[in-house]
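Listed below are the residues making up each chain.
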Amino acid sequence: MGTNGSTMLKPLRQGLPPLDPAAVSDAASCALPARYEAVREARHFARGTLDQWSVGDRFDDICLVVSELVTNALRHGLPSDMACSEHTPSVRLHLMRWTERLVCAVRDPSHETPVPRDSDDFSAESGRGLFLVDSFADSWGWHPLAGTLHGKVVWALFRLQSAG
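A short tour of the structure in this document, coming up. Because the structure is a prediction, the values reported are computed rather than measured.

Digging into the side chain of Asp108
Okay, step 1: Along the chain, Asp108 falls in strand S3 (residues 101–108).
Okay, step 2: We classify Asp108 as buried; its relative accessible area is 4%.
Okay, step 3: At 2.8 Å, the side chain of Asp108 and the backbone nitrogen of Ser110 are in polar contact.
Okay, step 4: For Asp108, the residues in contact, after removing those within four places along its chain, are Ala73, Gly77, Ser90, Val91, His150, Gly151 and Lys152.

What about the pattern of salt bridges?
Okay, step 1: For the coordinates displayed, the defined rule picks out seven salt bridges.
Okay, step 2: A single network of salt bridges, built from pairs that share partners, joins Arg58, Asp61, Asp138 and Arg159.

Re the sheet that holds strand S1 (residues 26–32)
The strands making up a sheet are joined through hydrogen bonds of the backbone, oriented either antiparallel or parallel.
Okay, step 1: Reading across the sheet, the five strands line up as S1-S2-S3-S5-S4 and stay open at both edges, with antiparallel pairing between neighbours. Edge positions in the sheet fall to S1 and strand S4 (139–144), since each has one partner strand and no second. Shown here is a sheet whose adjacent strand axes are inclined to one another by a mean of 15°, direction ignored.
Okay, step 2: Where helix H2 (residues 59–76) meets the sheet, it contacts S1, strand S2 (91–97), S3 and strand S5 (152–159), and its direction lies at approximately 15° from that of S3.

Some remarks on the environment of Tyr36
Okay, step 1: As for its placement among the helices and strands, Tyr36 is situated in the loop between S1 and helix H1 (38–52).
Okay, step 2: For the pair Tyr36 and Thr71, spaced 35 residues apart in sequence, the C-alpha to C-alpha distance is 7.5 Å.
Okay, step 3: Filtering out sequence-adjacent residues up to four positions away, Tyr36 remains in contact with Leu74 and Arg75.

Conventions we followed
Residues numbered from 1 in each chain as written. Predicted model: local features only at pLDDT ≥ 70, side-chain atom pairs only at ≥ 80, totals over all residues. Heavy atoms only, no water. Helix = DSSP H or I, 4+ residues; strand = E, 2+ residues; numbered from the N terminus. Buried < 20%, exposed > 50% of the residue type's maximum accessible area, 1.4 Å probe, protein only. Polar contact = N/O pair within 3.5 Å; in protein donor to acceptor, adjacent residues only side chain to side chain. Contact = heavy atoms within 4.5 Å. Salt bridge = Lys/Arg side-chain N within 4 Å of Asp/Glu carboxyl O. Pairing = 2+ DSSP bridges. Axes fitted to C-alpha atoms, helices over the stretch in contact; angles between N-to-C directions.

What follows is the structure, encoded as C-alpha cells:
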C-alpha cells in the first residue's frame, strides 16, 4: 500500500455508471477538434447546456470536471501525429442528465488507462486533473469502447438535488 494516496484514486475500469440509458431525460454532445482551443469550446458548450438544465449548485463543479476531462483527452488521448490535425474530431464530450444524476463523459481514441500523475508539487500546472475530477465528482471511471469504435470513455457522475 503506497502512502501517496494513489491507491484511493484507482480508476474504475467499468462500464458507464449504473443508470438506465433509456431513462435519460436530457442528453447533449459535441465533437471537439484535436487542438487545445477545444477546451474553451467544451466549456462554452457545457455552460450553455447546463444553463438549460437544472443542475443547481453543481454547475461550477461540472464545468470544472468537463475542462479537466477534455484537457486530459487532448493531452494524453491523442496520438502525437494526430494532435495537429484539423480534420476529424477525435474527442467527443457527452452530457447526460437523469432526474437526480448527471454524467459527463469524454471519448478519445486512446486505449491508455487514465492514471493520476503522482505529484507532491501542488503548484504543478499539470498532472492534477484526475485528482480534481475525483474531488469534485461523486464518482468516476472509464471503459474501453467496444466493436468498431476505438479508444475509451472517461466519465464522471454528479448527484443533483431533486427539484421537489
